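The primary structure of each chain is shown beneath.
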Amino acid sequence: MLCLCVRAALRPGIAQPCRILRPVTQIPERSLVHQGGLPKLPVPPLKQTCERYLAALEPIVSKEELEHTERLVQEFLHGGVGQRLQKGLERRARKTENWLTEWWTQSAYLDCRMPVAVYTSPGVVLPRMNFQDQHGQMRFAAKLIAGVLDFKKMIDTETLPVEYLSEKPLCMDQYYQILSSCRIPGPKRDTVVNYNTGQTPPTHITVVHNFQFFFLDVYNSDGSPLTVDQLYMQLEKIWNSSLQTNKEPIGILTSQHRNTWGKAYNNLIKDKTNKESVRAIHKSIFTVCLDAPMPRVSDEMYPSRVAAQMLHGGGARWNSGNRWFDKTLQFIVGEDGTCGLVYEHAPAEGPPIVFLIDYVVKYMQQTQVIRSPMVPLPMPQKLRFNITPEIKRDIEKAKQNMNIMVHDLDVHVLMFSHFGKKVPKKQKLSPDAFVQMALQLAYFRMYNLCCSSYESASLRMFKYGRTDAIRSSTVDALEFVQAMQDPARENSEKLALLQKAVQTHKENTYNAIHGQAIDRHLLGLKLQGIEDLTSMPEIFMDTSYAVAQHFNLSTSQVGSKTDCVMCFGPMVPDGYGVCYNPMDEHINIAITAFNSCEETNAANFARAVEEALLDMRALLEDTATARQ
Ligand code: COA
Ligand code: HC5
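Residues numbered from 1 in each chain as written. Chains lettered and ligands numbered in written order. Predicted model: local features only at pLDDT ≥ 70, side-chain atom pairs only at ≥ 80, totals over all residues. Heavy atoms only, no water.

Focus: the overall build of the protein
Within the protein, the secondary structure is distributed over 18 helices and 20 strands. Taking 25 Å as the expected radius of gyration for a compact globule of 628 residues, we find that the protein reaches 25 Å, a close match to that expectation. Dimensions of the protein, computed from the C-alpha atoms along their principal axes, are close to 75 × 60 × 55 Å. The buried share among the 628 residues of the protein stands at 60%. In the protein, of all internal contacts separated by at least 6 residues, the share reaching a separation of at least 24 is 76%. Approximately 26000 Å² of the protein is accessible, and the part contributed by carbon and sulfur atoms is 53%. Computing the positive centroid from 68 side-chain charges and the negative centroid from 66, the protein places the two 7 Å apart. (Helix = DSSP H or I, 4+ residues; strand = E, 2+ residues; numbered from the N terminus. Rg over C-alpha atoms; globule rule 2.2 N^0.38 Å. Buried < 20%, exposed > 50% of the residue type's maximum accessible area, 1.4 Å probe, protein only. Contact = heavy atoms within 4.5 Å. Areas by Shrake-Rupley, 256 points an atom, 1.4 Å probe, with all protein chains shown as cover. Lys, Arg positive; Asp, Glu negative; His and termini not counted. Charge placed at Lys NZ, Arg CZ, Asp CG, Glu CD.)

Printed below as a string of structure tokens:
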């Protein structure tokens, strides 16, 4: 992995308890912060992980299962196997810059054979724009491209402001992975290529309209980026030379199961023209999808419909063929004013993508139209594909699968408008922990039990850090949700339990972002066992381990300045994906589930979350009044 120095940094001057992933820009004191100075990800102590693992199991497995697992854990800890694997991990940590990141990227993404669309690629919906035709669409797309190119300057000159979390500088490497990169399918494992590092970094983007891909050079011969006017003219040329709507949706191949796509890919690139076209897409800085309008829905349904469109494109007859799902960054601009993006997750987490969006949105608001010299620009080149009968068959199969995925994905966006971060903050509660407890309460009310629950925690305090998990279903959370369901309990007692559960969640968050959570450590121990060719330790073959890994609630907080909605699919067939963006006065929450699972329903869960949040606020208010 490449090591890039991020030269300039904006340092926060005022100590903030937990400043999250946002550079504090009002104090422009610059200083040198180098990636090299970041600490290495530690390997947590074995005993600590064993104890925390058992504590995490308590609310989600039966008493008998827990007792059985306790014996296995003792055997693992004291029988020699655990210590040996731990030593192996510590050795790996000494020899590598980050003992986890390569393993994590492989096991979470590159080895995963499920389609990237819906299963791993998140979507982001930007606020609805008020254009309604192709001119508005192209003007918006032109400005957006100019904004991303402006952002790219900071990457090229290594002048991105360093982000901070709990006053510690974060690893900025992910920013260098999101442009000019693409995932490539492989027979067993995929790879990600990044072209920004070579001698001749790309100067083009790909634009796709009516399923047809175009190579668009976005720089003038003097190296300056094309202006908004120039980009608009180029997009217009693209639009006018892709009016036919009966083209084969070649891009839909990228939505397939990875093995299927891997085989189809090898077949596709046997042809020289196809290979060159695919390479042009891989190398491009990013992709812009100029989408056809989607069926109109009520204002109430609109956010959910657009979130689904970002995740899958709406199906083969709509915009699913207007994508190259392997591409790291694809901006989506619909003729009907919808806009957002879908991104391939392997190279980076959500926060760098959202930081880019916030930057681009601000850029677009500020941009003055600059008159461009009317020098004629070359015609954007159409990327040609020769479609053999075999490729045609692969496309047909991909279309069918995509339609199944589209029908299976249940998306419900809850624009929770009653309150936002300010309410829990006023009560001295962490807003993130408050939302997590609302999710726990909603789940408990629907299913009368606690489930294995995942919240993403950033490991970017460490060099090349990605994520670990905060397990939100703690014993304290269970006690709180049980009390909420018990009419015999006093509000003051419920509040005390909420405060305790929030405090525990906060401690778990602190542990996770400081590299002391359990999930990645357990993964590391397991993979170390595989690498050592020892037989698999029993703790990993245990039912409790399977239960713990089966995250019925897969959640993530991604905050942004722009009022956007972030979304992703569930982790398991009978689970929910919940991505929330807490703003000061409201919270955007996107919930996904699978229709093929009878037990789950995104709209019902959304309703339960809304009620849980309202009941929790009522609890705060009620007890506050009682105190007066
Ligand atoms: N009283 C008053 N205010 C409090 C508080 C309390 N007890 N606890 C926290 N706050 C404040 C914080 O200071 C912060 O203030 P700000 O809005 O001015 O920044 C705000 O409330 C938010 O803090 P909190 O809700 O506790 O959560 P967080 O923002 O620290 O986020 C995580 C927690 C886990 C989301 C964060 O650590 C993280 O890891 N983020 C990255 C997640 C990620 O990568 N997701 C995508 C994966 S692809
Ligand atoms: C634009 C927001 C994207 C958020 C994506 C996200 O949170 O991905 C998680 C990454 C991680 O390693 O925890 C995985 N998750 C979707 C399964 C929560």
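Points about the nonpolar core
Core analysis: the biggest nonpolar cluster contains 93 residues, and F480, L498, I589 and F605 have the highest contact counts within it. Apart from the residues within four sequence positions on either side, I589 is in contact with H412, V413, L414, F416, V578, C579, Y580, V609 and L613. (Core = buried A, V, L, I, M, F, W, Y, C linked by side-chain atoms within 4.5 Å.)

Observations regarding the site of ligand 2
In the neighbourhood of ligand 2, 18 residues make up the surrounding shell, with H345, Y454, S456, T467 and S556 lying closest. Take S456: an N or O atom from its side chain is 2.7 Å from an oxygen atom of ligand 2. For ligand 2, whose unbound accessible area comes to 480 Å², protein coverage reaches 93%. Only helix 4 (101-110), strand 15 (453-458) and strand 17 (553-557) provide two or more residues apiece to the shell around ligand 2. Broken down by element, the shell around ligand 2 gets its largest block of residues, three residues, from strand 17. (Near = heavy atom within 4 Å. Polar contact = N/O pair within 3.5 Å; in protein donor to acceptor, adjacent residues only side chain to side chain.)

Notes on the pairing of strand 7 (residues 191-194)
Where a strand is regular, its side chains alternate between the two sheet faces. Here four bridges tie strand 6 (residues 181-184) to strand 7, and the two strands are oriented antiparallel to one another. By the bridge assignment, C182 is partnered in strand 7 with V193. Between strand 6 and the antiparallel strand that follows it, strand 7, lie six residues. (Pairing = 2+ DSSP bridges.)

Notes on the sheet that holds strand 9 (residues 212-217)
Read across the sheet, eight strands follow the order 13-9-8-10-11-12-3-18 without closing on themselves; strand pairing throughout is mixed. Pairing within the sheet leaves two strands with one partner each, and these edge strands are strand 13 (381-382) and strand 18 (565-567). Two elements, strand 11 (residues 329-334) and strand 12 (residues 339-343), share five bridges in a ladder whose sense is antiparallel. Of the residues in strand 12, the one forming a bridge with V333 is C339. On top of the sheet, helix 5 (residues 134-156) reaches strand 8 (204-209), strand 10 (287-291), strand 11 and strand 12; it is set at about 155° to strand 11, its chief contact. Each of strand 8 and strand 9 is contacted by helix 8 (residues 272-283), which is oriented at about 115° to strand 8, the strand it contacts most. (Axes fitted to C-alpha atoms, helices over the stretch in contact; angles between N-to-C directions.)

Regarding the confidence of the model for the protein
Low pLDDT means the predicted atomic positions in that stretch should not be read closely. Per-residue confidence for the protein averages 92 on the pLDDT scale, and 93% of its residues sit at or above 70. This model gives residues 1-33 a pLDDT under 50, and the stretch forms 89 contacts once residues within four places in sequence are excluded. (pLDDT = per-residue confidence, 0-100.)

Observations regarding empty space enclosed by the protein
Overall, the coordinates contain four cavities of 30 Å³ or more when judged by the stated rule. As a volume, the largest cavity reaches approximately 50 Å³. Lining the largest cavity, in full, are L41, P42, P44, W99, L459, D468, G515, A517, R520 and H521. For the lining of the largest cavity, the per-class residue count stands at six nonpolar, two polar and two charged. (1 Å grid on protein atoms, 1.4 Å probe; cavity = no way out; pocket = protein on both sides within 12 Å on 5 of 7 lines; lining within 4 Å. Points joined across faces, edges and corners; volume = space filled by probe spheres on them. Nonpolar A, V, L, I, M, F, W, Y, C, P; charged D, E, K, R; others polar.)

Looking at the packing of aromatic side chains
Describing an aromatic ring pair means giving the distance of the ring centres and the angle of the ring planes. Under the criterion given, the structure shown has 21 aromatic pairs. Aromatic pair F131 and F140: ring centres 5.5 Å apart, planes at 40°, arrangement tilted. No difference in accessibility class separates F131 from F140, as the two residues are buried. Stacked on the ring of W103, the Lys or Arg R92 has its end atom at 3.6 Å from the ring centre. Directly above the ring of Y232 sits R139, whose terminal nitrogen or CZ lies 5.0 Å from the centroid. (Phe/Tyr/Trp six-rings, centres within 6.5 Å; stacked < 30°, edge-to-face > 60°. Lys NZ or Arg CZ within 6 Å of the ring centre and 35° of its normal.)

A look at the side chain of S121
Relative to the helices and strands, S121 resides in the loop between helix 4 and strand 3 (123-125). Taking the relative accessible area as the measure of exposure, S121 reaches 1% and is therefore buried. Within polar-contact distance, the side chain of S121 engages the backbone oxygen of Y343 at 3.4 Å. Sequence-distant contacts of S121, defined by excluding residues within four places in its chain, comprise V116, L311, V342, Y343, E344 and H345.

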